[in-house]
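One-letter residues, chain by chain:
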Amino acid sequence: ISIHMNGPVVEDDVKKVTDKGLMKVNVEGNEPIHFLTMGYHVDNGEEVKNPISIYGDTLSVDILLGLYPRPMYKNLATVVESSHLEVEMKAFSAYASGLSCLVDDEKELGATIIDIGGGTTSIATFKNGHPVYFSSIPVGGINVTNDIALGLTTSFNYAEEVKNRHGCAFLIGEEDDSNIKQIYRSDLINIISPRIEEIFELVGRKLDEAGYKNTASHRVVLTGGASQLPGMREVASMVLDKQVRIGRPRNIENIPQVLHNPTFSTALGLLLFAVNNSERKIVKKVNVSSNADGLFTKILELFKKTC
């Protein structure tokens, strides 16, 4: 947008350029999850977090849009509603985990949080204090369990138990203890390692496509229940060629010690998101019939203004 001649950027300019961005958003076929302002540019200069009081002719804003396929979102919403609950706010899991696990320096200098869940691995990259990239891959801890179950010809439940213990030398039969199969730990590792390497190779491709893989100062933080598998950090560091640490919730005071665990990163991050969220919402346009009641039209217009 154009700035008032001979004047600095004011709050109205910031609101105007953000509103213009909202109007240009096309969410066809998707559910909008995030609408985040990443930074502002005055006269196409360097990115600034707050352009207020800076003089220039034009003001632009960089916006990160988080979208989720609408059919998939409806399935998730149906699960929530069937539990007699309503969806108040929405957030990507890796974004929430980043809020609870990353330190301020990591958010500023650049870090990617990789949240390895059951069926998916979620990715959120932060830089200059805010998210700059979201993605996910349809592979997670369940795939590792399936590999073990197939490789050792056992049930999913026992395969999950072996995976969690990681190093258990005995696999108990399903019917009774008379059917005990002894395996070498190296055999178990040979089943697990290819899938873990695949997960980080897929993450690496995503980061490479987005231009964040080869950034020198970039750190990787692993979290989520499946990140606790022994050796996970070392494999991630080798495949991604990055400094890697395991992320645990750290940005909420006075929580029980038992919650300082990667399994709870997303849940605690959602609490932080709910308390501090100030995102603008994308409001879908509503067509009002020409013969609509006058009072209803006024109320609708008032509602749209307040949103």
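Keep in mind it's a predicted model, so treat the numbers as computed, not measured.

1. Section: the overall build of the protein chain
Across its full length, the protein chain holds ten helices and nine strands. Contacts in the protein chain between residues far apart in sequence, at least 24 positions, make up 60% of those at least 6 positions apart. As displayed, the protein chain offers around 18000 Å² of accessible surface, 52% of which is attributable to carbon and sulfur atoms.

2. Describing the packing of helix H7 (residues 185–210) against helix H8 (residues 232–240)
Viewed as axis vectors pointing N to C, H7 and H8 meet at an angle of 45 degrees, and their least axial separation amounts to 9 Å. By the angle between their axes, H7 is oblique relative to H8. Judged by the sense of rotation from one axis to the other, the crossing of H7 with H8 is right-handed. Every residue of H8 that contacts H7 at Ile196, Glu197, Phe200, Glu201 and Gly204 is listed here: Met232, Val235, Ala236, Met238, Val239 and Leu240.

3. Let's talk about the sheet that holds strand E4 (residues 121–127)
Pairing is mixed in the open sheet, where five strands are placed in the order E5-E4-E3-E8-E9. The two strands at the open ends of the sheet, each matched to only one other strand, are strand E5 (130–137) and strand E9 (243–246). Each strand of the sheet is rotated relative to its neighbour by a mean of 20 degrees, with strand direction disregarded. Here strand E3 (residues 111–116) runs beside E4; their pairing, made up of six bridges, is antiparallel. Residue pairing in the sheet places isoleucine 116 in a bridge with threonine 121 of E4. Contacts from H7 reach E3, E4, E5 and strand E8 (219–223), with the element oriented near 135 degrees to E5.

4. Let's talk about the packing of aromatic side chains
What the rule picks out here adds up to five aromatic pairs. For the ring pair tyrosine 95 and phenylalanine 126, a centre distance of 6.1 Å and an interplane angle of 40 degrees mean the geometry is tilted. Placement of tyrosine 95 in helix H3 (residues 93–101) and of phenylalanine 126 in strand E4 is noted, with a sequence separation of 31 residues between them. Here tyrosine 95 falls in the buried class, since its relative accessible area comes to 9%. Considering the side-chain rings of tyrosine 95 and phenylalanine 273, the 5.9 Å spacing of their centres and the 75 degrees angle between planes classify their relative orientation as edge-to-face.

5. Quick notes on the pairing of E5
In terms of burial, E5 is largely enclosed, as seven of its eight residues are buried. For E4 and E5, the ladder comprises seven bridges, and the chain directions are antiparallel. Of the residues in E5, the one forming a bridge with alanine 124 is phenylalanine 134. From the end of E4 to the start of E5, which pair antiparallel, there are two residues, and asparagine 128 there has a positive phi angle of about 55 degrees.

6. Here's the deal with the pattern of salt bridges
Applying the stated criterion across every chain yields a total of ten salt bridges. For lysine 90, the salt bridge is made with glutamate 31, and the minimal N-O distance between the two is 2.8 Å. Of the two residues, lysine 90 is situated in the loop between helix H2 (70–82) and H3 and glutamate 31 in strand E1 (residues 30–42); the sequence distance between them amounts to 59 residues. Looking at lysine 90, the relative accessible area reads 24%, which means it is partly exposed. One salt bridge in this structure joins arginine 219 and glutamate 106, with 2.8 Å as the shortest N-O distance. Of the two residues, arginine 219 is situated in strand E8 and glutamate 106 in helix H4 (residues 104–109); the sequence distance between them amounts to 113 residues. Residue classification places glutamate 106 among the buried positions, given a relative accessible area of 5%. Put simply, Glu31, Arg70 and Lys90 are held in one network by salt bridges that share partners.

7. Observations concerning the side chain of serine 227
Checked against the element boundaries, serine 227 lands in the loop between E8 and H8. Under the relative-accessibility criterion, serine 227 is labelled buried at 2%. Serine 227 has contacts with Ile116, Leu222, Met232, Ile246 and Pro262, leaving out every residue within four places of it along the chain.

8. Considerations on the nonpolar core
Tyr95, Ile114, Ile148, Ile196, Phe200 and Leu222 are the most contacted members of the largest nonpolar core, which has 52 residues in total. Of all hydrophobic cores here, the second largest spans nine residues; its members include Ile3, Val17, Tyr40 and Val61.

9. Brief notes about the packing of helix H5 (residues 141–151) against H7
For the pair H5 and H7, interaxial distance at closest approach is 9 Å and the crossing angle is 145 degrees. The handedness of the crossing between H5 and H7 comes out as right-handed. Of H7, the residues touching H5 (which contributes Asn143, Val144, Asp147, Ile148 and Gly151) are Leu188, Ile191, Ile192, Arg195 and Ile196. Considered class by class, the residues forming the contact of H5 with H7 number six nonpolar, two polar and two charged.

10. Focus: H5
Structural remark: α-helix, 3.6 residues per turn; residues separated by three or four positions point the same way. Residues Gly141, Asn143, Val144, Thr145, Asp147, Ile148 and Ala149 constitute the buried set of H5. Residues of H5 that are buried sit in contact with E3, helix H6 (156–165) and H7. Of the residues trailing H5, threonine 153 is marked for its positive phi of about 45 degrees.

The rules behind each value
- Numbers given to residues run from 1 along each chain, matching the order in which its sequence is written.
- Per-residue local features are limited, in this predicted model, to residues with pLDDT of at least 70; the limit for side-chain atom pairs, both in listing and counting, is 80 or more; totals at the level of whole chains, interfaces and linings are taken over all residues.
- Side-chain numbers come from the whole structure's heavy atoms, not from hydrogens or water.
- Runs of E in the DSSP output that reach at least two residues are strands. Runs of H or I that reach at least four are helices, and both are numbered from the N terminus.
- We call two residues contacting when some pair of their heavy atoms lies within 4.5 Å.
- Accessible surface is estimated by sampling points in the Shrake-Rupley manner with a 1.4 Å probe; for residues, cover comes only from the protein chains shown.
- Angles run from 0 to 180 degrees between N-to-C directions of axes, and those axes are lines fitted to C-alpha atoms, restricted for helices to the stretch in contact.
- Orientation labels follow simple angle bins: below 35 degrees gives roughly parallel, above 145 gives roughly antiparallel, 65 to 115 gives roughly perpendicular, and whatever is left gives oblique.
- Note on convention: near helix rotated counterclockwise from far helix by under a right angle means a left-handed crossing. Clockwise means right-handed.
- At least two bridges found by DSSP between two strands is the condition for calling them paired.
- Stacked, tilted and edge-to-face pairs are distinguished by plane angle, under 30 degrees for stacked and over 60 for edge-to-face with tilted covering the rest, among Phe, Tyr and Trp rings (Trp via its six-membered ring) whose centres lie within 6.5 Å.
- Buried residues are those whose accessible area, probed at 1.4 Å on protein chains only, stays under 20% of the maximum for their type, while exposed residues exceed 50% and partly exposed ones sit between those limits.
- By salt bridge we mean one thing: a side-chain nitrogen of Lys or Arg within 4 Å of a carboxyl oxygen of Asp or Glu.
- Working definition of a nonpolar core: buried Ala, Val, Leu, Ile, Met, Phe, Trp, Tyr and Cys residues. They are joined through side-chain atoms within 4.5 Å.
- For this scheme, ten residues count as nonpolar: Ala, Val, Leu, Ile, Met, Phe, Trp, Tyr, Cys and Pro. Four count as charged, namely Asp, Glu, Lys and Arg, and the remainder, Gly too, count as polar.

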